[in-house]
Amino acid sequence: DPSAGPGKALEAVRGELLGAGVDARYLDPFLDGFARTCLPFSDGDALRDSVRGWFASRLPVPREWKGRPAGHMLAFVGQSGVGKSTVVSKLAWRLHAAGQSVAVICAGGNPDPTLEAVTQRLGLALAIAEDGDAIAQARAELAGHDAILVDTPGRSHKNLGDMEELGRLLTPCKAEEVHLVLPVAVHLADLGDVSRRFRLAGVNRLTLTKLDETRFLGNLVNVPLRMAKPLAFLADGPGVPGDLSPADPVKVAELLLP
């Protein structure tokens, strides 16, 4: 059977990806598409490269052709302890170091001490906004900056009141990007409720954190597919500026299939 060689090699790749934590309900349709489309043209060692390429071209990440316009707002939401404020601190540092003018809004009052220290150290504009109208006003006043980052208080998807409050905070400011921040080891069984509840905040991006705390990185695939939202940023470790990067699908493919 001439297909036995590549077919057997593809089965071995499937085992690797399952071992990395990619859920079979997402992996098998993906590999079925690969087998029907690319496998006939993938021989020997090239098969792994072909799977990586197929994967990288399909992982949902933001793929805008143009750069962000001035005044672009990125808000970060999530439960307490997931690393929201650390992500905002890292991103503020990265953008500032690249020569962009950055402003930070701490929604709901009580700014995170580390984030506040970073804004002071870098000389960034910092606004503390108690409610949605105050955030919208701060946005108007800070519109001349290249990027406006919004840190929000930790809110649990298990509490509908928390979610409604988060929606009231963010709706008036009309942020272009609302990132749900999740640890990469989040349990897939919880994501249905998380997705439904955080929808009230207008989530349209995902940021996954704490990549350094697990060797099972399959959720880099599972989470964006389960939540039908693009994977935007990856954070690896608590240090500021530390490791924060855009979600590069080629690198994700290499992490899951070295």
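All figures in this text were calculated on a predicted structure; none of them were measured in a lab.

(A) Examining unusual backbone geometry more closely. The phi angle at Lys174 is positive, at roughly 55°, despite the residue not being glycine. With respect to the helices, strands and loops of the structure, Lys174 is situated in the loop between helix H7 (160–170) and strand S5 (177–183). Here Ala228, not a glycine, exhibits a phi torsion of approximately 55°, which is positive. Residue position: Ala228 is located in the loop between helix H9 (219–227) and strand S7 (231–236). The class of Ala228 is exposed, set by a relative accessible area of 64%.

(B) Molecular detail of the side chain of Glu177. Here Glu177 shows up in strand S5. For Glu177, the side chain forms a polar contact with the side chain of Arg68, separated by 3.2 Å. The residues touching Glu177, leaving out its near neighbours within four places in the chain, are Arg68, His72, Met73, Leu74, Ala75, Asn204 and Arg205.

(C) Focus on the pattern of salt bridges. Evaluated as defined, the whole model comprises 9 salt bridges. Between Asp49 and Arg52 there is a salt bridge; the shortest N-O distance is 2.5 Å. Of this pair, Asp49 and Arg52 both sit in helix H3 (residues 46–56), 3 residues apart, which is roughly one turn of the helix. By relative accessible area, Asp49 is classed as partly exposed at 49%. Residue class for Arg52 comes out buried when judged on its relative accessible area of 18%. Among the salt bridges present, the one from Glu177 reaches Arg68, with a minimum N-O distance of 3.2 Å. Here the residue Glu177 occupies a position in strand S5, and Arg68 occupies one in the loop between H3 and strand S1 (72–77), the gap between them amounting to 109 residues. By relative accessible area, Glu177 is classed as buried at 6%. Looking at Arg68, the relative accessible area reads 42%, which means it is partly exposed. Salt bridges here are not isolated pairs; linked through shared partners, they connect Glu11, Arg14 and Asp28.

(D) Region of interest: the packing of helix H8 (residues 191–198) against H9. Where H8 contacts H9, the two axes come as close as 10 Å, and the packing angle between them is 50°. Our classification of the angle between H8 and H9 gives oblique. Handedness of the H8/H9 crossing: right-handed. In contact with Leu191, Gly192, Val194 and Ser195 of H8, H9 contributes Val223, Arg226 and Met227.

(E) Structural detail: the nonpolar core. Residues Ile105, Leu180, Leu220 and Leu256 are the most contacted members of the largest nonpolar core, which totals 61 residues. Ignoring any residue separated from it by four or fewer positions in sequence, one finds Leu180 in contact with Val77, Gly78, Val194, Phe198, Val203, Arg205, Leu206, Thr207 and Met227. One finds Phe76, Val82, Val88 and Ala235 within the second-largest nonpolar core, a separate group that totals 23 residues.

(F) Summary view of the sheet that holds strand S6 (residues 205–209). The 8 strands are arranged S3-S2-S4-S1-S5-S6-S7-S8 in an open sheet whose pairing can be described as mixed. Of all strands in the sheet, those bounded by a partner on one side alone are strand S3 (125–129) and strand S8 (243–246). When strand polarity is set aside, the average angle formed by the axes of neighbouring strands in this sheet is 20°. In this sheet, S8 lies alongside S7 in antiparallel orientation, the contact comprising 4 bridges. Across the sheet, the residue bridging to Phe233 is Pro246, located in S8. Contacting S1, strand S2 (102–107), strand S4 (147–151), S5, S6, S7 and S8, helix H4 (residues 84–97) crosses the sheet at an angle of about 165° to S4.

The rules behind these values
- Here, residues in each chain are numbered from 1, in the same order as that chain's written sequence.
- Where local features are concerned, this predicted model is filtered to residues with pLDDT of at least 70; where side-chain atom pairs are given and counted, the filter is 80 or more; whole-chain, interface and lining totals use all residues.
- In computing side-chain values, all of the structure's heavy atoms are included and hydrogens and water are not.
- The helix count covers DSSP runs of H or I at least four residues long, the strand count covers runs of E at least two residues long, and both are numbered beginning at the N terminus.
- Three labels apply to residues, based on accessible area from a 1.4 Å probe with only protein chains included: buried if under 20% of the type maximum, exposed if over 50%, partly exposed otherwise in between.
- For the purposes of these results, a polar contact is taken to be a pair of N or O atoms within 3.5 Å, where, inside protein, one atom must be able to donate a hydrogen and its partner to accept one; residues adjacent in sequence count only when each atom of the pair is a side-chain atom.
- A contact between two residues is defined here by any heavy atoms of the two lying within 4.5 Å.
- Salt bridges are defined as contacts in which a side-chain nitrogen from Lys or Arg sits within 4 Å of a carboxyl oxygen from Asp or Glu.
- Geometry is summarised by axes, namely lines fitted to C-alpha atoms with helices restricted to the contacting stretch, and by angles between N-to-C directions that run from 0 to 180 degrees.
- Orientation labels follow simple angle bins: below 35 degrees gives roughly parallel, above 145 gives roughly antiparallel, 65 to 115 gives roughly perpendicular, and whatever is left gives oblique.
- Note: crossing handedness is left-handed where the near helix turns anticlockwise from the far helix by less than a right angle, and right-handed where it turns clockwise.
- By nonpolar core we mean a set of buried residues, namely Ala, Val, Leu, Ile, Met, Phe, Trp, Tyr and Cys, connected to one another through side-chain atoms within 4.5 Å.
- What makes two strands pair is DSSP finding at least two bridges between them.

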